[in-house]
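# Chain and residue survey
For reference, the chains in residue letters:
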Amino acid sequence: MNLRRAALAAGFDLTPVSSFRDFERQLSIWNAKFSGERPLYDAEGRALDASQLSPGERVAAILRWSALPGASRHHWGTDLDLMDANAIPPGYRVQLNAAEFEAGGPFARLAEWLETHAVRFGFFRPFRGVLSGVQAEPWHYSFAPLAEPARRSLTPSVLQDALAAAPLLGKETVLGRLEELHSRYVAAIDWP
Ligand SMILES: [Zn+2]
């Protein structure tokens, strides 16, 4: 029995919103946010004006909602953002925000079910907003048997080499803080 089949038996059509995402894709998201082409948000989800922010403030604002290229767990093929296709009307646009997964939201029942059952299938939530610098993401699940070796392989020097060679906006700021960013956003994860 796998996780999807167990979910189906419980009435959920477990569907990935996002799964594998490569370095280039994450780089283009990062650069669009850094340059202000894509909006930046504060912790409450209010839009910020990138042109009013220093490079360090932009980096902090991006990392609130997006991963540094090379540091996304979605690069590994082990992590998924999940929702229940049975819980939404046709044409509904999934946001992946806290309200959807809290009481009253369409995915509240799924979130509760996953909290109890995902671990039996090797899946866990790395982002609970506790140890990890990433905000709480109740939709993000990781397959531990493959994700843990990937996490251990992604040392600060591997990340440094990937970023040094990339056309990353804000590179100087990022490389100057790389040890700290690595420890907050890669090494620190929330086990159940
Ligand atoms: Zn995710």
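Residues numbered from 1 in each chain as written. Predicted model: local features only at pLDDT ≥ 70, side-chain atom pairs only at ≥ 80, totals over all residues. Heavy atoms only, no water.

To continue, consider the packing of helix α7 (residues 156-164) against helix α9 (residues 178-187). With their axes 10 Å apart at the nearest point, α7 and α9 run at an angle of 115 degrees to one another. Between α7 and α9 lies a crossing of right-handed hand. Every residue of α9 that contacts α7 at Pro156, Leu159, Gln160 and Leu163 is listed here: Leu178, Glu179 and His182. Considered class by class, the residues forming the contact of α7 with α9 number four nonpolar, two polar and one charged. (Axes fitted to C-alpha atoms, helices over the stretch in contact; angles between N-to-C directions. Helix = DSSP H or I, 4+ residues; strand = E, 2+ residues; numbered from the N terminus. Left-handed = near helix turned anticlockwise from the far one by under 90°. Contact = heavy atoms within 4.5 Å. Nonpolar A, V, L, I, M, F, W, Y, C, P; charged D, E, K, R; others polar.)

Within the protein, the zinc ion binds to His74 (NE2), Asp81 (OD) and His140 (ND1); these donor distances fall in the range 2.0 to 2.1 Å. In terms of primary sequence, the donors binding the zinc ion are separated according to H-x6-D-x58-H. Assessed through its relative accessible area of 5%, His74 is described here as buried. For Asp81, a relative accessible area of 5% translates into the label buried. (Donors = N, O, S within 2.8 Å, 3.2 Å for Na, K, Ca; no water. Buried < 20%, exposed > 50% of the residue type's maximum accessible area, 1.4 Å probe, protein only.)

Any pair of aromatic rings gets described here by the distance separating the centres and the angle formed by the planes. Overall, the coordinates contain four aromatic pairs when judged by the stated rule. Arranged with centres 5.4 Å apart and planes meeting at 50 degrees, the rings of Phe101 and Trp139 form a pair that is tilted. Taken as a pair, Phe101 in helix α4 (residues 98-101) and Trp139 in the loop between β5 (123-124) and β6 (140-143) lie far apart in primary sequence, 38 residues in all. Here Phe123 and Phe143 contribute two aromatic rings whose centre-to-centre distance is 5.1 Å and whose plane-to-plane angle is 50 degrees, an arrangement assigned as tilted. Highlighted residues: Phe123 in strand β5 and Phe143 in strand β6, separated in sequence by 20 residues. Members of the aromatic cluster, each reached through a chain of ring pairs, are Phe101, Phe107 and Trp139. Just above the ring of Phe34 sits the side chain of Arg58; from NZ or CZ to the centre is 5.2 Å. (Phe/Tyr/Trp six-rings, centres within 6.5 Å; stacked < 30°, edge-to-face > 60°. Lys NZ or Arg CZ within 6 Å of the ring centre and 35° of its normal.)

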